[in-house]
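# Fold and geometry: a report
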Amino acid sequence: MSDVSDRSPETAIDNAEVSQLVRPARRRGAALLQVFLENKLAMAGVVIIVLIVLFCFVGPMLYHTNQVSTNLANSNNGPGAGHPLGTDNVGYDVLGRMMVGGQSSIEIGFAAAILAGVFGVLWGAVAGYFGGIVDSIMMRIVDAMLSIPTLFVLLLMAALVKVNQFNLTLAVALFAWLVPARLIRGETLTLRSREYVQAVKAMGGGASRSIFEHIVPNAIGTIVVNITFQVADAILLLAALGYLGFGIPPPAANWGSMLSQGVTYIYAGYWWLIYPVGILIVLTVMSLNFVGDALRDAFDVRLQRR
Amino acid sequence: MLNLFHKPVRVALGALIASSSLVAAGAGALGSSASASTTNITFALPPAVTPNYIFPVMGAAYYSNVNLYQFQAEMFRPLYWFGNGASPTFNPTLSLAQAPVYSNAGKTITIKMKSYKWSNGKPVTSADVLFFMDMLKAETKIWPVYVPGEFPDNVVSMSAPNASTVVFNLDKAYSTTWMLYNELSQITPLPAAAWDKTSVNGTVGNNAGTTAGAQAVWKFLTAQAQTVATYATNPLWQVVDGPFKLKQFDSTGHTVFVPNPSYSGPVKVSYGSLTLQPFTTDAAEYNALRAGTVDYGYVPPQDSGQIPLLKSQGYNSSPWIGWSINYFPLNYNNPTVGPIFRQLYFRQAMQEMVNQPTDVKKALYGYGYPTYGPVPIEPKNNLSTPQEAANPYPFNPSKSKALLTSHGWTVKPGGTSTCTNPGTGPTQCGAGIAKGAALNFNLQFATGYTYVSQEMQQLKSNLAQDGIQLNLTSAPFNTVIATAAPCKVGPSCSWQMENWGQGWSYGPDYYPTGESIFETGSGINEGSYSNPINDANINATHTISGTAVLYKYENYLAKQLPDIWQPNPDFQISEIRSTLKGVSQSSLLNFTPEYWKLSK
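Residues numbered from 1 in each chain as written. Chains lettered and ligands numbered in written order. Predicted model: local features only at pLDDT ≥ 70, side-chain atom pairs only at ≥ 80, totals over all residues. Heavy atoms only, no water.

### Re the overall build of chain B
Note the following rule: Counting from the N terminus, the helices are DSSP H or I runs at least four residues long and the strands are E runs at least two residues long. Throughout, the radius of gyration refers to the C-alpha atoms, and the reference size of a globule is 2.2 Å times the residue count to the power 0.38. Buried, partly exposed and exposed residues are distinguished by accessible area as a fraction of the type maximum, computed with a 1.4 Å probe on protein chains only: under 20%, between the cut-offs, and over 50%, respectively. Residues count as neighbours in contact if any of their non-hydrogen atoms are within 4.5 Å of one another.
A count of helices and strands for chain B gives 18 helices and 26 strands. Over its C-alpha atoms chain B spans a radius of gyration of 24 Å, differing by no more than 12% from the 25 Å that the globule rule assigns to 600 residues. Seen through its C-alpha atoms, chain B measures out along the principal axes to roughly 70 × 60 × 45 Å. By the burial criterion, 64% of the 600 residues in chain B qualify as buried. Partitioning the intrachain contacts of chain B with sequence separation of at least 6 by distance along the chain shows that 70% fall at a separation of at least 24.

### With respect to the pairing of strand E18 (residues 440-446) of chain B
Residue and element names in this part refer to chain B. We count it as follows: Handedness of a crossover: with both strands directed away from the viewer, a clockwise path from the first strand across the helix to the second marks it as right-handed. Strands were regarded as paired on the criterion that DSSP finds at least two bridges between them.
With five of seven residues buried, E18 is to be regarded as a mostly interior element. Between the parallel pair E18 and strand E19 (residues 469-475), the chain is carried across by helix H14 (residues 450-464), and the sense of this crossover is right-handed. Direction of pairing for E18 relative to strand E20 (residues 497-499): parallel, over a ladder of three bridges. Residue pairing for E20: Phe445 is matched across the bridge by Asn499.

### Regarding the state of the cysteines
All names here are of chain B. Stated precisely, the cut-off is as follows: Any two cysteine sulfur atoms within 2.5 Å of one another count as a disulfide.
The final tally for this structure, using the stated rule, is two disulfides over all chains. There is a disulfide in this structure between Cys419 and Cys429, and the S-S distance comes to 2.0 Å. For the disulfide bridge between Cys419 and Cys429, the dihedral angle about the S-S bond is near 110°, and by the sign convention the bridge is right-handed. Note that Cys419 is positioned in strand E17 (residues 418-419) and Cys429 in the loop between E17 and E18, a separation of ten residues in sequence. The two residues Cys419 and Cys429 agree in class, both being buried. Put simply, Cys487 and Cys493 are joined by a disulfide, and their sulfur atoms are 1.9 Å apart. Between Cys487 and Cys493, the S-S torsion sits near 65°, and that sign places the bridge as right-handed. One exposure class covers both Cys487 and Cys493, and it is buried.

### Examining the pairing of strand E10 (residues 273-279) of chain B
Residue and element names in this part refer to chain B. Extensive coverage of E10 is indicated by the burial of seven of its seven residues. Taking every second residue as pointing to the same face, both faces of E10 are buried, with Ser273, Thr275, Gln277 and Phe279 on one and Leu274, Leu276 and Pro278 on the other. Examined bridge by bridge, strand E1 (residues 40-47) and E10 share six bridges and lie parallel to one another. Bridge pairing links Phe43 to Leu276 in E10.

### Some points on the sheet that holds E20(B)
Residues and elements named next belong to chain B. Note the threshold: Only C-alpha atoms enter the line fits that serve as axes; for helices the fit covers just the stretch in contact. Angles between N-to-C directions range over 0 to 180 degrees.
Read from one edge of the open sheet, three strands run E19-E18-E20, paired in parallel fashion. Looking at which strands have only one partner, the edges of the open sheet turn out to be E19 and E20. Neighbour-to-neighbour, the strand axes of the sheet open up by a mean angle of 25°, direction not taken into account. Pairing geometry for E18 and E19, over seven bridges, is parallel. Within E19, the position partnered with Asn442 by the bridge is Asn471. Each of E18, E19 and E20 is contacted by H14, which is oriented at about 165° to E19, the strand it contacts most.

### What to know about the domain arrangement of chain B
All names here are of chain B. How we decide: For each domain, the first and last residues come from an automatic or database assignment. Accessible area, probed at 1.4 Å, shrinks when two parts are joined; the buried area is that loss added up over both. Between Lys or Arg on one side and Asp or Glu on the other, a salt bridge is scored when a side-chain nitrogen of the former is within 4 Å of a carboxyl oxygen of the latter. Here a polar contact is recorded for every N or O atom pair within 3.5 Å, except that within protein the pair must consist of a potential hydrogen donor and a potential acceptor, and residues adjacent in sequence are included only if both atoms are side-chain atoms. Polar here means any residue outside two lists: the nonpolar Ala, Val, Leu, Ile, Met, Phe, Trp, Tyr, Cys and Pro, and the charged Asp, Glu, Lys and Arg; Gly therefore counts as polar.
Domain annotation of chain B identifies domain 1 (21-77 + 217-321 + 572-598), domain 2 (87-208) and domain 3 (324-569). Tallying the contact residues gives 24 residues for domain 1 and 23 residues for domain 3. For the pair domain 1 and domain 3, the two sides together bury roughly 1,900 Å², of which 63% comes from carbon and sulfur. Three residues, Tyr63, Pro301 and Ile321, lead the burial of domain 1 against domain 3; their summed loss comes to 24% of the area buried on that side. Viewed at the interface, domain 3 and domain 1 are joined by zero salt bridges. If you look at where domain 1 meets domain 3, you find two residue pairs in polar contact (both at pLDDT 80 or more). Mapped onto the side of domain 1 that touches domain 3, the elements with two or more residues apiece are E1 and helix H2 (65-75). For the side of domain 1 that touches domain 3, a count of residues per class yields 14 nonpolar, nine polar and one charged.

### Focus on the nonpolar core
Filter applied, for reference: Here the nonpolar core consists of buried residues drawn from Ala, Val, Leu, Ile, Met, Phe, Trp, Tyr and Cys, with membership extended through side-chain atoms lying within 4.5 Å.
Membership of the largest hydrophobic core comes to 158 residues, with the highest contact counts inside it found for Phe55(B), Phe168(B), Trp195(B), Phe346(B), Trp409(B) and Phe441(B). Considering every element that reaches this core, the biggest residue donor is helix H3 (residues 126-138) of chain B, with eight residues. Grouped together as the second largest cluster of nonpolar side chains are 35 residues, Phe36(A), Met98(A), Val225(A) and Val277(A) included.

Right under this line is the structure:
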């Protein structure tokens, strides 16, 4: 357990004791890994995510296309020599554009999820640890923000603020932290009454020590699982924003905008503008959800073999 | 009579929210399905363009084709109507007055009113014409096609000897064709007996008889017109002389007209109602068309391959070509980039990066034609010259780059070019351009049309070869035309380039002499272009008959590039339900739905 391996002075134990106590922690890690590895969907998800990341970040090094200059004369060509997945309505190579579009989607998705996760964890832990009026105020803020339609606010912000990768990351994270805040607050309410937290208090330890060295490490399972889902949600939200015309403006690309543009030509039969990027979005989000589900199971002690 | 006079009026586009295309389309289609019966005709409005102003004495921000022709003209008919079916000529039959009679060596115009009636039973009289003129004279600065010294300034006095006669005394004699097609064409009689008051409960009388009174009346009516939610219920707007009355209207632009039973024109409406259906995008409209919920719609250029399918669904296809030119203005009075825009070599460099033939072929799928000057080259006419049609500045990237380098700019392809040789000499950047000035500009374009976005992205890419950075943003049509307003040099005159996508369709200046959009001081000369030679050329067309003066004007201006010319799309590729008869598509873009009939 992570609480026995912490380095706080009040838990002074000799090396032999540490050695004995670390063994169960390692065993638990192995059990966690075993549960995860046994989940075939999760493994497939991991493989797909790795492939997609390689596709987006390594692909452009191997498959060179011009994703900056348009060429209207070469627009809307079907798959063929030189363009395995055809060209879009301004002449960009679709395969290369999916790679570039994926970079921004994945970068923003992970960045927003981590940002939201960190902030949400801190918010929830503080609220749960102190309780009382502090908890009430902080969680009512969360409730109030949860009652606001996220997409509506994001569309409004996109109309008012210049859309770029940094702003999009902040905008997505602005609403994504609410769920982890609630989850961690619930965890904290349970953890703060545990003996080791009480012991810290009794020995004069402050709130920050309790939160950062005892509560958060013990809620790591919840955090990791939630961040995984947050990544998937962020990528989906970005795709929705892009689909509605509020993605990063050209020549930057994102999957949602590509899909939106492709749908314009649905009656023209330009399938290469719709299916490839649509499948990519579905695969990415689905894979992240598989991984998240498997992590949740893996962190569930009841499912771990003893 | 000229072969083809046509009109220009800014093609109205407007917009609401740039999104939810398919959903909106479906909703729009479902919403109108019930009304697509034998008694209702549903007309699809252009994408992201909505009617938003009911009072005909309006400012440039509302001066759109949809407001003028699809909305206001159904209720308030202009004094003189232009367009005979598809022919863009004077239409005496639909006009509210006889053709003007000139006397006093051309300096006096006498107009005889016909026996039209308002929907409240009162006749349309000379007083209604003077009521309009009084407000126009009092508020010339807001009138979009106002040019100082021209209409209504050139009407030095006016009178109404009796209820059916109007007399205008002009400051000098003008070309009778130009006066009818470009000046008198601006008049819309308004119901003085109902509107000539300064408050809701005010006394109706000759309040507009003085300048101050006319301003007060205009202010009152403008305030009423800005309350869009009451358009269908405000008693003011129910007094009409057109074939329709407004039954429903909401802020999305969804409009339902019903016949005006008192309409005294030659043809009465034969069906129950006319619906103007708004759409946010052309794709949304096409979905509604496929669902069969639109009687008179259009197919987007990118879906033109579906025309045979639509034929099998009972629609007849007919391209609707407007008497228009397409361009986007540059703001010459922008304090930062205005001095750059004032350099002809720079405008040439930009123009030579616009590949119009490719744009027409790939973005418009052939449903359009290039703009090379101030007179449309399509529909075929005898007013555009061979010089203009030959394209003075064809696409030529190397020449474009050379123009910049030969005028003191250090060109950085893919980067940002800067002025390294400031000054006013022939090889220097030009007046007002400092050393280090960068070719970095903002361009806002209208949402809704796919081809506009394609063309702007291509232009950005092309200009990057010259090191000209174009920062593209998009906004609804109404926002774009409201932003593109003439302004004086100063910090607030901050817009740089605005592209609403469809330039100018000639009207009510049907004869394409260009004073409304290119003469110094015109209310709708967005970029404040000013050129004394051009002004003189324009003014010559006002007083000298014949095409020679027009040719001189257009040949000069085509090479001066007051704006950046861009391809002109067909107004729309119309899809008309086969059971809808009596439709004629005027190149002036006005329409006469009272002639439409639904057959089984």
